[in-house]
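Fold and contact review
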Amino acid sequence: MAGDSRVLMDHNMEIGVTPAQVKKLPKHLREPQISTERTHLISEPVKKPRQRYVQKDGKCNVHHGNVQETYRYLSDLFTTLVDLRWRFSLLIFTLVYVVNWLFFGFLWWLIALVRGDLVHGDEEGWTPCVENLNSFVSAFLFSIETETTIGYGYRVITERCPEGIVLLLVQAILGSIVNAIMVGCMFVKISQPKNRAETLMFSTNAVISVRDNKMCLMFRVGDLRNSHIVEASIRAKLIRSQQTKEGEFIPLNQTDINIGFDTGDDRLFLVSPLIISHEINEKSPFWEMSMAQMEKEEFEIVVILEGMVEATGMTCQARSSYLDTEVLWGYRFTPVLSLEKGFYEVDYNNFHEVYETNTPVCSAKEQATKLRDEPLLPQLPLLSPEPKTQTFDPLDCLSELNPLSQDEKMEERDSSDRGENNGLAAALEEPPIAD
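Since the model is a prediction, treat every value here as computed from it, not as a measurement.

Reading guide: rules and limits
Residues numbered from 1 in each chain as written. Predicted model: local features only at pLDDT ≥ 70, side-chain atom pairs only at ≥ 80, totals over all residues. Heavy atoms only, no water. Helix = DSSP H or I, 4+ residues; strand = E, 2+ residues; numbered from the N terminus. Buried < 20%, exposed > 50% of the residue type's maximum accessible area, 1.4 Å probe, protein only. Areas by Shrake-Rupley, 256 points an atom, 1.4 Å probe, with all protein chains shown as cover. UniProt positions renumbered as here; feature names shortened; annotations may be inferred. 1 Å grid on protein atoms, 1.4 Å probe; cavity = no way out; pocket = protein on both sides within 12 Å on 5 of 7 lines; lining within 4 Å. Points joined across faces, edges and corners; volume = space filled by probe spheres on them. Nonpolar A, V, L, I, M, F, W, Y, C, P; charged D, E, K, R; others polar. Phe/Tyr/Trp six-rings, centres within 6.5 Å; stacked < 30°, edge-to-face > 60°. Axes fitted to C-alpha atoms, helices over the stretch in contact; angles between N-to-C directions. Parallel < 35°, antiparallel > 145°, perpendicular 65-115°, else oblique. Left-handed = near helix turned anticlockwise from the far one by under 90°. Contact = heavy atoms within 4.5 Å. Patch = residues over 30% accessible without salt bridge, like charges linked within 9 Å, V, L, I, M, F, W, Y side chains within 5 Å. Salt bridge = Lys/Arg side-chain N within 4 Å of Asp/Glu carboxyl O. Expected span 1.5 Å × (residues − 1). Disulfide = S-S within 2.5 Å.

Moving on, we come to the overall build of the chain. When helices and strands are counted, the chain shows twelve helices and 16 strands. Looking at the 435 residues of the chain, the share that counts as buried comes to 28%. On the chain, roughly 30900 Å² of surface is accessible, and the fraction owed to carbon and sulfur atoms is 57%.

The residues that UniProt annotates with the feature "transmembrane region" (unreviewed entry) are residues 88–111 and 165–188. Summarising residues 88–111: 100% helix, 0% strand, and an end-to-end C-alpha distance of 34 Å. Split by type, residues 165–188 is 100% helix and 0% strand. Its first and last C-alpha atoms lie 35 Å apart.

Another aspect to go through is the layout of surface pockets. Empty space within the largest pocket amounts to approximately 1200 Å³. Among the secondary structure elements, those contributing two or more residues to the lining of the largest pocket are α4 (77–83), α5 (86–115), α8 (162–190), β3 (200–202) and β11 (315–323). Considering each element in turn, the lining of the largest pocket owes the most residues, five residues, to β11. Residue composition of the lining of the largest pocket, grouped by class: ten nonpolar, ten polar and nine charged. Within this model, the second largest pocket holds a volume of roughly 410 Å³. Looking at the second largest pocket, it is lined by 19 residues, and the ones nearest its centre are N258, I259, G260, D265 and S277. Among the secondary structure elements, those contributing two or more residues to the lining of the second largest pocket are β7 (249–257) and β9 (274–279). Broken down by element, the residue count for the lining of the second largest pocket peaks at six residues, all from β9. Its residues placed into classes, the lining of the second largest pocket shows seven nonpolar, seven polar and five charged.

Moving on to the packing of aromatic side chains. Within this structure, the stated rule accounts for nine aromatic pairs. Between W108 and F142, the aromatic rings sit 4.9 Å apart at their centres with planes inclined by 85 degrees, giving edge-to-face as the arrangement. Taken as a pair, W108 in helix α5 and F142 in helix α7 (residues 136–148) lie far apart in primary sequence, 34 residues in all. Exposure class is identical for W108 and F142. Each is buried.

This brings us to the packing of α7 against α8. Look at α7 against α8: their axes get within 9 Å of each other, and the N-to-C directions meet at 60 degrees. In terms of axis orientation, α7 runs oblique to α8. Crossing hand, α7 versus α8: right-handed. Counting all contacts with α7, which are made through S143, T146 and E147, the residues of α8 involved are L168, Q171 and G175. Within the contact of α7 with α8, the residues separate by chemical class into one nonpolar, four polar and one charged.

To continue, consider a nonpolar patch on the surface. On the surface, V98, L102, F106, L110, L113, V114 and F136 cluster together into a nonpolar patch covering about 570 Å² of accessible area. The greatest single-element share of the nonpolar patch, amounting to six residues, is contributed by α5. The topology assignment puts L102 in helix α5.

For the rest of this paragraph, the subject is the packing of α5 against α7. Axis separation between α5 and α7 bottoms out at 8 Å; the angle between their running directions is 120 degrees. What the angle tells us is that α5 and α7 run oblique. The interaxial crossing formed by α5 with α7 has right-handed handedness. Across the interface between the two elements, Y97, N100, W101, L102, F104, G105, F106, W108 and W109 from α5 touch F136, A139, F140, F142, S143, I144, E147 and T148 from α7. Partitioning the contact of α5 with α7 into residue classes produces twelve nonpolar, four polar and one charged.

A separate point is α7. Taking 1.5 Å per residue, 13 residues should reach 18 Å; α7 reaches 18 Å between its end C-alpha atoms and fits that length. Within α7 the residues assigned to the buried category are S138, A139, F142, S143, I144, E145, T146 and E147. If you follow the buried residues of α7, they end up packed against α5 and α8. With its phi angle positive at about 50 degrees, T149 sits one or two positions after the end of α7.

Once that is clear, we can look at the state of the cysteines. Tallied over the entire structure, the rule returns one disulfide. Across the disulfide from C129 sits C161; the S-S distance is 1.9 Å. Across the S-S bond linking C129 and C161, the dihedral sits near -75 degrees, which makes this disulfide left-handed. Placement of C129 in the loop between α6 (117–120) and α7 and of C161 in the loop between α7 and α8 is noted, with a sequence separation of 32 residues between them.

Below, the structure written as structure tokens:
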């Protein structure tokens, strides 16, 4: 039976019939079949795209639901107003002023109604609280003129209306407070450094390659403006679900990625685009991760660039992220800086460009082990049946201090030998001394 089923499967492959197991796959997991002369090659299902924790533009993809204590937002009303979207901020800005004018216009109309100015305002000898105020519309216009200090001169308060004088003082004070709050909110919202982060760039992909015989994870950052970011610093987080040894599941666990905190390399002078490097060592979360294993992992790298805006002095933060599919193994970034006549030029057309380079597919741990063991092989002594003995020659030590050629050494040794022979011959030829 097993042989028949295998033959049937081979027959189906030859005539282009897809097996039944592949037909049961969802539609979005099927890939178009690549036909050949004899068979149809069936590709494996595509890896399902992972939900981002932080978007490419820096927005956090987190929504807060079932918040019971909503009063906490009102305790910090100013920040709540600043954090609102522009459409809601403009709506609240308009409503606050209109409601304030209507409220005080109603009070001015109520005073005129109680005093009888609406009935007797046209009679001679009658002194109203506010001249030429004879309806609610005129009271509303007088409220706007009072709070905005327009002063057309047609409607004016008289000195015989003490309640009107008190109301004028209250409206002037409250109007100033409302102006301070609303104008302050709009100013802070307009001058928020979020817009400054729009000109801070992150490379589309991160890469892994070898630098100085060490595996490194790298990405590139740049600033498009001529006004620089002061005290710029950068940090990175690895977002990955984790299960502890006790069996506890921690979703979206955050792990620090060292990009130079201990050496000071995380503090940047961001005048031209820089390549930020993370050395994959024993403390790195990628230490035991090879190329094949990285393709199976699901993680996200969040990078955060912070600094002060040179023009305003306000703190600015720019964020981006790299999914596991956006980390390219065996690539490097294309250079973007070139030396021109009198200046350096940055070509932002190549900012996101990468090129392939020779990189080991094994993990950094395995690569470090190979580099540690390979230099030991040439130093192993060769086995010899007759080991050579070395004699100490003072001339060799002198030759290290004053190196001579081989001929000079031979001449020196010959001259010394001749000197010794001549001395011995002279001693033999001397006549004996008589007593």
